[in-house]
Structures are given as C-alpha cells and as structure tokens.
Amino acid sequence: MKWLKRFLYSEIGIEFKACLYFCVILFFYFVYQILQGSLTASIIIMTEMIFTAYFIGYIQVYLLHNFDELEHFGKKEGAFAFICSVVYTLASYLLNWYDKNWLATVLFFCYLLLVYLCVFLIYKIKRDADTIRLNRELEQFKNQKGEE
C-alpha cells in the first residue's frame, strides 16, 4: 500500500508539473506568435509541448529527485535546471516551435532557467507558509488541550 501511495503521489506531482511547465512554455509561444504578427497557434506544436512537459516531468521526478521542489537550490539543482532547459530548448528547435529562430531559441532557454528559479521560489514560499500555518494550528491545539 505504501508503494501505491508513493506512486500516486509521484504521478500527481508529474501531472501538476506538466501543466505548470506547459502553461509557461505556451505563454512564451503565444508571445512569440504575437510578436511575429500572428494571432494563431498550432495545435500540433501545443501537443508537442505538452508531451515534452510530461516527458521532462517524469525525468524530474524519477531521475532528478524532484529538484525544483527541494529545500535548497544549489549547484546540483542548478545543473538539473540547466539540463531540463536544454532538453526543452532542443525540443523547441528540432520540432520547430519558434521557426528555428536562433534569437527566440536562446531567449526561450534563458526564460526556462528563470522559470525554474521562480518555480523553486514558489515552492519554497508555499512550504514556509504551510509551516507557519501548521505551527499556528499546533499551538492552538496545545492551548485547547491545556484548557481541558
């Protein structure tokens, strides 16, 4: 039963990551399309983006120890973010998401590095807020126990 819970927890995390990274990648793609003078987006490209996000989500969770959710963002986590950004960027170039435009591809890579840093900070802020909330609830529970 523990294995199943751990598996389901990992799968839910991958779902969340895929959606999160797909949304930020899609935002970049939309901005690129608008700057090119187009108000249309390719469903094929969006499908490639979501599959890439799932693929990298599995890599992040099962091979790279869920590095963007860790307490500390050090050299190893930075290297993992770099590797994932490279994979996304290679996919974007090979699958022609940005018309093989070198400037767009380099900006996309830099954008992804910034996204990984922001995601780490978001998880950290959420953990800190959860800790504060749980400590407050524990203190209230202790006070209730003391009054009884």
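Everything below is about the structure printed above this text.
By convention here, each chain's residues receive numbers from 1 onward along its written sequence. Confidence filtering applies because this is a predicted model: local features only for residues at pLDDT of at least 70, side-chain atom pairs given and counted only at 80 or more, and all residues used for totals across whole chains, interfaces and linings. Only hydrogens and water are set aside; all other atoms, that is, all heavy atoms of the structure, feed into the side-chain values.

Engineer: Can you walk me through the packing of helix H2 (residues 43–63) against helix H3 (residues 75–94) in this structure?
Structural biologist: Working note: a packed helix pair is described by the angle between its axes plus the distance between those axes. Comment: axis = line fitted to C-alpha atoms, over the contacting stretch for helices; angle = value between 0 and 180 degrees taken between N-to-C directions. We count a stretch as a helix when DSSP gives it H or I for four or more residues in a row; a strand needs E for two or more, and each element gets its number in order from the N terminus. Where H2 meets H3, the axes come as close as 11 Å, and the angle between the chain directions of the two elements is 160°. As far as their axial angle goes, H3 and H2 are roughly antiparallel. Considering how the two elements wind past one another, H2 and H3 form a crossing that is right-handed. Residues Thr-52, Ala-53, Phe-55, Ile-56 and Gln-60 of H2 lie in contact with H3, whose contacting residues are Cys-84, Val-87, Tyr-88 and Ala-91. Orientation is classified from the angle alone, with under 35 degrees giving roughly parallel, over 145 giving roughly antiparallel, 65 to 115 giving roughly perpendicular, and any other angle giving oblique. Throughout, a crossing is termed right-handed when the near helix is turned clockwise from the far one, and left-handed when it is turned anticlockwise from it by less than a right angle. Only heavy atoms enter the contact rule, under which two residues are in contact if any of them lie within 4.5 Å.

Engineer: What exactly am I supposed to notice about the state of the cysteines here?
Structural biologist: One covalent bond between the sulfur atoms of two cysteine residues makes up a disulfide. For this text, the term disulfide refers to a pair of cysteine sulfurs within 2.5 Å. Under the defined criterion, the tally for this structure stands at zero disulfides. Cys-19 carries a free sulfur, and the closest cysteine sulfur to it, the one in Cys-23, is 6.6 Å from it. Cys-110 carries a free sulfur, and the closest cysteine sulfur to it, the one in Cys-118, is 13 Å from it. Its relative accessible area of 42% is what places Cys-110 among the partly exposed residues. Summary of the burial criterion: residues with accessible area below 20% of their type's maximum are buried, those above 50% are exposed, and those between are partly exposed, where the area comes from a 1.4 Å probe applied to protein chains only.

Engineer: Sorry if this is basic, but what is going on with a nonpolar patch on the surface here?
Structural biologist: Residues enter patches when they are more than 30% accessible in relative terms and free of salt bridges; like-charged ones are connected within 9 Å and nonpolar ones (Val, Leu, Ile, Met, Phe, Trp, Tyr) within 5 Å. Note that accessible areas follow from Shrake-Rupley with a 1.4 Å probe, and for residues the cover is restricted to the protein chains shown. The salt bridge definition used is simple: a Lys or Arg side-chain nitrogen within 4 Å of an Asp or Glu carboxyl oxygen. Taken together, the side chains of Met-1, Trp-3, Leu-4, Phe-7, Leu-8, Ile-12, Tyr-58, Tyr-62 and Leu-63 make up a nonpolar region of the molecular surface, amounting to roughly 1000 Å² of accessible area. Listed by contribution, the elements that provide at least two residues to the nonpolar patch are helix H1 (2–35) and H2. Counting residues per element, the nonpolar patch draws most heavily on H1, which supplies five residues. Turning to its location among the elements, Leu-4 is positioned in helix H1. Taking relative accessible area as the criterion, Leu-4 reaches 37% and is therefore assigned partly exposed.

Engineer: Looking at this model, I keep getting lost on the nonpolar core. Mind explaining?
Structural biologist: In summary, soluble globular proteins display a tendency toward joint burial of nonpolar side chains. The biggest cluster of nonpolar side chains holds 31 residues, and the ones touching the most others in it are Ile-25, Met-49, Tyr-88, Trp-97, Tyr-98, Phe-108 and Tyr-116. Going through the elements one at a time, H1, H2, H3 and helix H4 (102–147) are the ones with two or more residues in this core. Take this core: its biggest share by element is nine residues, from H1. When near neighbours in sequence (up to four residues on either side) are disregarded, Tyr-98 contacts Ile-25, Phe-28, Tyr-29, Tyr-32, Met-49, Ser-92, Ala-104 and Phe-108. The nonpolar core is taken to be a set of buried Ala, Val, Leu, Ile, Met, Phe, Trp, Tyr and Cys residues, with the residues joined through side-chain atoms within 4.5 Å.

Engineer: Explain the layout of surface pockets here, please?
Structural biologist: Unfilled space is identified by rolling a water-sized probe across the atoms. Method remark: on a 1 Å grid restricted to protein atoms, a set of points is classed as a cavity if a 1.4 Å probe fits but cannot get out and as a pocket if it is open with protein on both sides within 12 Å along at least five of seven lines; lining residues have an atom within 4 Å of a point. Grid points are joined across faces, edges and corners, and a volume is the space filled by probe spheres set on the points. Put simply, the largest pocket is a space of about 450 Å³. Looking at the largest pocket, it is lined by 15 residues, and the ones nearest its centre are Tyr-9, Gly-13, Asn-66, Glu-69 and Tyr-123. It is H1 that contributes the most residues to the lining of the largest pocket, six residues altogether. We call Asp, Glu, Lys and Arg charged. Ala, Val, Leu, Ile, Met, Phe, Trp, Tyr, Cys and Pro are nonpolar, and the rest, Gly among them, are polar. Class assignment of the residues belonging to the lining of the largest pocket gives a composition of eight nonpolar, three polar and four charged.

Engineer: When you look at H3 in this model, what are you seeing that I'm missing?
Structural biologist: The α-helix winds at 3.6 residues per turn, so residues separated by three or four positions along the chain end up facing the same way. To estimate the expected span of a helix, count its residues, drop one, and scale the result by 1.5 Å. Its 20 residues give H3 an end-to-end C-alpha distance of 28 Å, which sits within 8% of 28 Å, the value for a rise of 1.5 Å per residue. Phi turns positive, to about 65°, at Asn-96, one or two residues after H3.

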